[in-house]
Amino acid sequence: MAEIHLKNLAHSYYPNPKGDGDYALKKIDHVWEDGKAYALLGSSGCGKTTLLNIISGLLHPSDGQVLFDGVDVTDLPTEERHIAQVFQFPVVYDTMTVYDNLAFPLRNRGRSEDLVKERVMHIAEMLEMTDVLKFKARGLTADAKQKISLGRGLVRENVAAILFDEPLTVIDPHLKWLLRMQLKALHHRVNNTMIYVTHDQTEALTFADQVVMMYDGYVVQIGTPQELFERPAHTFVGYFIGSPGMNILPTHIDGNLAKINGLSVSLPDSYKFDADKKIELGIRPEFCSLSREEGLDSIPVSIKRIEDIGRHKIARADLAGQEVNVIVPEGISITDEHTHLSFDASQINVYSNDWLVERGAQS
Amino acid sequence: MSLSLEQVSKVSGRDTHIYTTDLTLEGGSLNVLLGPTLSGKTSLMRMMAGLDAPVTGRILWNGDDVTGKPVQKRNVAMVYQQFINYPSLSVYENIASPLKVRGLNKATIKKRVNEAADLLKLNDMLKRKPLELSGGQQQRCALARALVKDAELVLLDEPLANLDYKLREELRQELPRIFTESGAVFVYATTEPTEALLLGGNTATMHEGRITQFAPTLDVYRQPVDMRTAQVFSDPPMNYLSLSKQGQQIQFGENQNIPAMGALANLPDANYTLGFRPNHTLLEKPDTEVMNFTGEVNVVEITGSESFIHLQHADSRWVCLTHGIHDIPPETKLSLYVDPAKVYVFDADGQLVIAPNSEVN
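1. Section: the overall build of chain B
In terms of regular secondary structure, chain B is built from eight helices and 21 strands. Each principal axis of the C-alpha atoms in chain B carries an extent, and together these give about 75 × 45 × 40 Å. Burial statistics for chain B: of 361 residues in total, 43% are counted as buried. In chain B, 65% of the contacts between residues at least 6 apart in sequence involve partners at least 24 apart.

Have a look at this one:
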């Protein structure tokens, strides 16, 4: 188990990087706490796999160091970092039994069969695999094979961290639920530092204590799932987290009044901005509501489309040329006569040049 | 335009891939094949395309028997999970390729390629090679090529599975519009219930080589004919409870019982399975008459605005989806409440007996 310090870390795939633009991973300095679960979240090309490969030792960073519990491991190869890795596709020996698969890393290191048995049984019990130990791996489902991959990493003593690279990609939705739950329960038991790379927000949010949101080589926010949902630090985080993502509406703000194409919205706080700043309001579809009658602070919209997706509906509304998505809870009827949109004012975020303006920062 | 499968089956060696199946799909319709891996989605599509011949039965196109007619002689387009483009051709040439094969004149080709590129937002990338594009753009190129053909049957086999989550969200929103604008029969295979709901249209749920139900997508979701269908069409999985109805009581687990309420009260005495969706569980007792269960928390997953509480209830694993952040420690005993109007009841054979009251719209 280890605390991981990413010390002034950056990486460029070019030999002589010139500006920020040449860096696939822009400079970061973070300490990731021992025993916590982190998710690296972002779309393809955002730098998340680069960062993971630096931590695992597959890639040597062009700048900075990686420290495990204060010890510099930057120059150590993967096999000397004592990490367990789980990849997109399960890595198992199909012709071996589950038991032999799990025992393999220990036998390879010449451990006694007594110790092998003790460790394998312990891990199998944690992964709920004791009843398939005698089966050949070949006949198992993708999720069972993925658990073997994980078990082979965990079976060794003193694992510093467990790294997951999109581990649920090949798993069917139903088994995803089960495997995700087992991973989470496992984390409660082993308390290893875990790092999980994914582009899937649900996986990241449900797995992690802390989500590391990446965009274009930058770490734009590190926070709890709740922080990322309620107070996205950057408009990209607002867009990326949530389905649909946050509504981002260009606006002009004067004091506590925001104007969207001439329509007024009151804000809980007062702001003052330089004229050259790009100012936007961020409001999640969950905090928007539609009604037939004009309300105190409602603004007129027209409904373009309503999508019923079972659990709730998504209404796509037009606000003076801007698309605004509204989530309508199940059981509440909605028609194109619902032309008055209201925001839960306490949940409005204000962005200046794409970055969140902290409340109370201006007064 | 219509495609009909009549008594079609597919057997290979000792494995039955598709049991005897009947299915009719109409022109201008979007039809989702929803089921887990190996449930028969691809086998069914390959027969529709003419890539494989069925062992029994007939395939009819507008009433004409086309069984055994090879794919080259049918007007079919396919898009696979893996993006397939010609790497040495530009995006423009890729999209144009099926039209060139057909020998259309340059002006017509240009018009059609530009229309398809417009639809899939590829206008700025027409001169690039596929490998210079992102995954999403490559798949859009493959989709454009399928659409430009004006095929009468378009088969999409998990086309978004290899794309980033956010990109999938955007394409899913665009696809139904593209489908309705064409007049073709669209068939779309997916493993994801949410994707079927977002696409709308009709859904055929598949389980181990059989279509368990085929109807408008929301109807299948709200009124699944049996437990298998309910299971295939739920994400998170539906919660189940085996029970025995005796008089005015229902019994379950080890001598637990609660009053038979709601529609359950009118059922004949027998063994049933109760099903309810994770989003229809309540942690606080409402004023109305509700079923009350106690489970033990396994683990809680928090999405930022909602919590998925995984519970152990006797031998069953349940998921309870609630608004807000509920960080409850493992092994906590938790009461949960279910509105009897929101439950499904299946008989001993797994057939639907009661579905929840349909919501007003």
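2. Considering the interface of chain B and chain A
In this assembly, 35 residues from chain B lie in contact with 33 residues from chain A. Within the residue set of the side of chain B that touches chain A, elements represented by two or more residues are α5 (165–181), α6 (193–199), α7 (217–222), β16 (291–302) and β17 (306–313) of chain B. Among the residues making up the side of chain B that touches chain A, the classes are represented as 16 nonpolar, twelve polar and seven charged.

3. What about the pairing of strand β1 (residues 2–12) of chain B?
All names here are of chain B. Pairing geometry for β1 and strand β2 (residues 15–26), over eight bridges, is antiparallel. From the neighbouring strand, Ser2 faces β2, where its bridge partner is Glu26. With five bridges joining them, β1 and strand β4 (residues 56–61) adopt antiparallel strand pairing. Directly across from Ser9, in β4, lies its bridge partner Thr56.

4. Topic: helix α1 (residues 41–49) of chain B
All names here are of chain B. Counting buried positions along α1 gives eight out of nine residues, so the element sits mostly inside the fold. Here α1 has its buried residues at Lys41, Thr42, Ser43, Leu44, Met45, Arg46, Met47 and Met48. Positioned one or two residues after α1, Gly50 has a phi angle of 95 degrees, which is positive.

5. Notes on the sheet that holds β1 of chain B
By way of backbone hydrogen bonds, the strands of a sheet pair with one another, either parallel or antiparallel. All names here are of chain B. Read from one edge of the open sheet, four strands run β2-β1-β4-β5, paired in antiparallel fashion. The strands lining the two open edges of the sheet, one partner per strand, are β2 and β5 (64–65). As defined by bridge partners, β4 adjoins β5 across two bridges and the pair is classed as antiparallel. Residue Trp61 lies in a different strand from β5, and its bridge partner there is Asp64. Of the strands in this sheet, β1, β2 and β4 are in contact with α1, which crosses β1 at around 120 degrees.

6. Observations concerning the packing of helix α3 (residues 106–119) of chain B against helix α4 (residues 135–148) of chain B
For any two helices packed against each other, one specifies the crossing angle of their axes together with the interaxial distance. Residues and elements named next belong to chain B. The interhelical angle for the contact between α3 and α4, taken along N-to-C directions, is 135 degrees, at an axis separation of 9 Å. On the basis of the axis angle, α3 is oblique to α4. Classified by chirality, the crossing of α4 by α3 is right-handed. Counting all contacts with α3, which are made through Arg112, Val113, Ala116, Ala117 and Leu119, the residues of α4 involved are Ala144, Leu147 and Val148.

7. Examining the sheet that holds strand β14 (residues 279–283) of chain A
Residue and element names in this part refer to chain A. Ordered in space as β11-β14-β21-β22, the four strands form an open sheet in which the pairing is antiparallel. Two strands in the sheet have a free side with no partner beyond their single neighbour: β11 (247–250) and β22 (355–356). Inspection of the sheet shows strand β21 (residues 349–352) paired to β22 by two bridges, in the antiparallel sense. Within β22, the residue paired with Ser352 across the bridge is Trp355.

What counts and how
- Residues numbered from 1 in each chain as written.
- Chains lettered and ligands numbered in written order.
- Predicted model: local features only at pLDDT ≥ 70, side-chain atom pairs only at ≥ 80, totals over all residues.
- Helix = DSSP H or I, 4+ residues; strand = E, 2+ residues; numbered from the N terminus.
- Buried ≥ 20, exposed ≤ 12 C-beta atoms within 10 Å, placed from the backbone.
- Contact = placed C-beta atoms within 7 Å.
- Nonpolar A, V, L, I, M, F, W, Y, C, P; charged D, E, K, R; others polar.
- Pairing = 2+ DSSP bridges.
- Axes fitted to C-alpha atoms, helices over the stretch in contact; angles between N-to-C directions.
- Parallel < 35°, antiparallel > 145°, perpendicular 65-115°, else oblique.
- Left-handed = near helix turned anticlockwise from the far one by under 90°.

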